[in-house]
Amino acid sequence: MSAHESMEHAEHAEHASGENKKIALLIAILALCLALSETFGKGAQTESISKNVESSNLWAFFQAKSIRRTVVQATSDQARLSLGLMGDDAAKVALTKQIEEWKKTADRYRSEPETGEGQDQLAARAKHAEEERDLAMARYHHFEVASAAFQIGIVLASATIITGMIVLAWVSGLLAVAGIGFTLIGLFAPHAVHLM
């Protein structure tokens, strides 16, 4: 091998080494972005599950209040029918007083703003938890798409080193941009793009 050929070979190796460093940097950036999108995705998934449990619990509490209210109202209605059959005035007064208490209890089961545990308040809280669950789920789906883009980008960038096909690095870079885009959509506008 002549000195000129050796110089050309060394220049080519140095150029390839420089390209490989750029590809390695691209892979490192993609891996960082992947870690962030996976972290955001896991957080969104956890929040979605938590809000789903919260809304289920609130709806169950709402149902319990509904059952209690129905029982109190039915008992009150039955007692009201019995008033006409009673002959004892003292018993009628006592029963009338009890019917009024049952009515207050039924009304309290319907709306109890002081504690937030009336049917109206429970329904509002449950609907709010469902909205938060849906928002977290929308975020999660965007982070998952971003993660997939970053993973495919890493594979393509790695294949660039092996094959020397620079077009794979460009596609990898485009996937990185798409992944960053989906991550930003997940963070700031999760309902802007409907995925699932």
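Up top is the structure.
Conventions we followed
- Residues numbered from 1 in each chain as written.
- Predicted model: local features only at pLDDT ≥ 70, side-chain atom pairs only at ≥ 80, totals over all residues.
- Heavy atoms only, no water.
- Axes fitted to C-alpha atoms, helices over the stretch in contact; angles between N-to-C directions.
- Helix = DSSP H or I, 4+ residues; strand = E, 2+ residues; numbered from the N terminus.
- Parallel < 35°, antiparallel > 145°, perpendicular 65-115°, else oblique.
- Left-handed = near helix turned anticlockwise from the far one by under 90°.
- Nonpolar A, V, L, I, M, F, W, Y, C, P; charged D, E, K, R; others polar.
- Phe/Tyr/Trp six-rings, centres within 6.5 Å; stacked < 30°, edge-to-face > 60°.
- Buried < 20%, exposed > 50% of the residue type's maximum accessible area, 1.4 Å probe, protein only.
- Contact = heavy atoms within 4.5 Å.
- Core = buried A, V, L, I, M, F, W, Y, C linked by side-chain atoms within 4.5 Å.
- Expected span 1.5 Å × (residues − 1).
- Salt bridge = Lys/Arg side-chain N within 4 Å of Asp/Glu carboxyl O.
- Arc of directions from axis to C-beta.
- Polar contact = N/O pair within 3.5 Å; in protein donor to acceptor, adjacent residues only side chain to side chain.

J.: With reference to specific residues and values, describe the packing of helix α3 (residues 119-163) against helix α4 (residues 166-188).
T.: Two numbers describe how α3 lies on α4: the axes approach to 8 Å, and their chain directions differ by 165 degrees. By the angle between their axes, α3 is roughly antiparallel relative to α4. Between α3 and α4 lies a crossing of left-handed hand. Taken together, the residues of the contact of α3 with α4 break down into 20 nonpolar, 8 polar and 1 charged.

J.: Pulling in residues and values, what's your account of the packing of aromatic side chains?
T.: Inspection of the entire model under this criterion finds 2 aromatic pairs. Their ring planes at 40 degrees and their centres at 5.5 Å tell us that Phe40 and Phe143 sit as a pair that is tilted. Taken together, the positions of Phe40 in helix α1 (residues 3-83) and Phe143 in helix α3 put the pair 103 residues apart, joining distant regions of the chain. On the basis of relative accessibility, which here comes to 2%, the residue Phe143 falls in the buried class. Judged by centre distance (5.4 Å) and plane angle (80 degrees), the ring pair of Trp59 and Phe62 falls under edge-to-face. Highlighted residues: Trp59 and Phe62, both in helix α1, separated by 3 residues, approximately one helical turn. The exposure class of Trp59 is partly exposed, given its relative accessible area of 26%.

J.: Residues and numbers for the environment of Ala157, please.
T.: Mapped onto the fold, Ala157 is located in helix α3. Each C-alpha atom of the pair Ala157 and Ser172 lies 5.8 Å from the other, and the pair is 15 residues apart in sequence. If sequence neighbours within four positions are ignored, Ala157 has contacts with Ile23, Leu26, Ile27, Leu30 and Ser172.

J.: So what's going on with the nonpolar core? Which residues, and what values?
T.: Counting residues in hydrophobic clusters, the biggest one holds 12 residues: Ile23, Leu26, Ile27, Leu30, Cys33, Leu34, Ala146, Phe150, Ile154, Ala157, Ala169 and Ala176. Elements supplying a minimum of two residues to this core: α1, α3 and α4. Here this core takes 6 residues from α1, the largest share from any one element. By size, the runner-up hydrophobic cluster in this structure holds 5 residues, among which are Phe62, Leu122, Ala123 and Ala126.

J.: Report on α3, specifying residues and quantitative values.
T.: Residue pairs three or four apart in sequence face the same way in an α-helix, which turns once every 3.6 residues. Over its 45 residues, α3 extends 65 Å from the first C-alpha to the last, a length consistent with the 66 Å expected when each residue adds 1.5 Å. A positive phi of about 80 degrees marks Gly164, the residue just after α3.

J.: Can you explain the pattern of salt bridges? Please cite residues and give values.
T.: Applying the stated criterion across every chain, the model contains 9 salt bridges. Among the salt bridges present, the one from Lys51 reaches Glu132, with a minimum N-O distance of 2.8 Å. With Lys51 in helix α1 and Glu132 in helix α3, this residue pair connects regions lying 81 residues apart in the sequence. As a salt-bridge pair, Lys103 and Asp107 come within 3.2 Å of each other at their nearest N and O atoms. Of this pair, Lys103 and Asp107 both sit in helix α2 (residues 89-110), 4 residues apart, which is roughly one turn of the helix. Take Lys103: its relative accessible area is 42%, and that puts it in the partly exposed class. On the basis of relative accessible area, Asp107 is assigned to the partly exposed category, the value being 39%.

J.: Explain the side chain of Thr160 to me, and be specific about the residues and the numbers.
T.: Relative to the helices and strands, Thr160 resides in helix α3. Beyond its immediate chain neighbours, meaning those up to four positions away, Thr160 contacts Ile23, Met165, Ile166, Leu168 and Ala169.

J.: Requested: an account of α2, with residues and values cited.
T.: Between the first and last C-alpha of α2 there are 32 Å, a value that for 22 residues agrees with the 32 Å anticipated at 1.5 Å per step. Buried within α2 we find Leu95, Ile99, Thr105, Ala106 and Tyr109. Seen from one end, α2 has its buried residues packed into an arc of 120 degrees, which puts them on one side. The outward face of α2, more than 90 degrees from its buried face, is lined by the exposed residues Asp89, Ala90, Val93, Lys97 and Lys104. Where α2 starts, the residue carrying a side-chain oxygen 3.4 Å from the main-chain nitrogen of Ala90 turns out to be Asp88.

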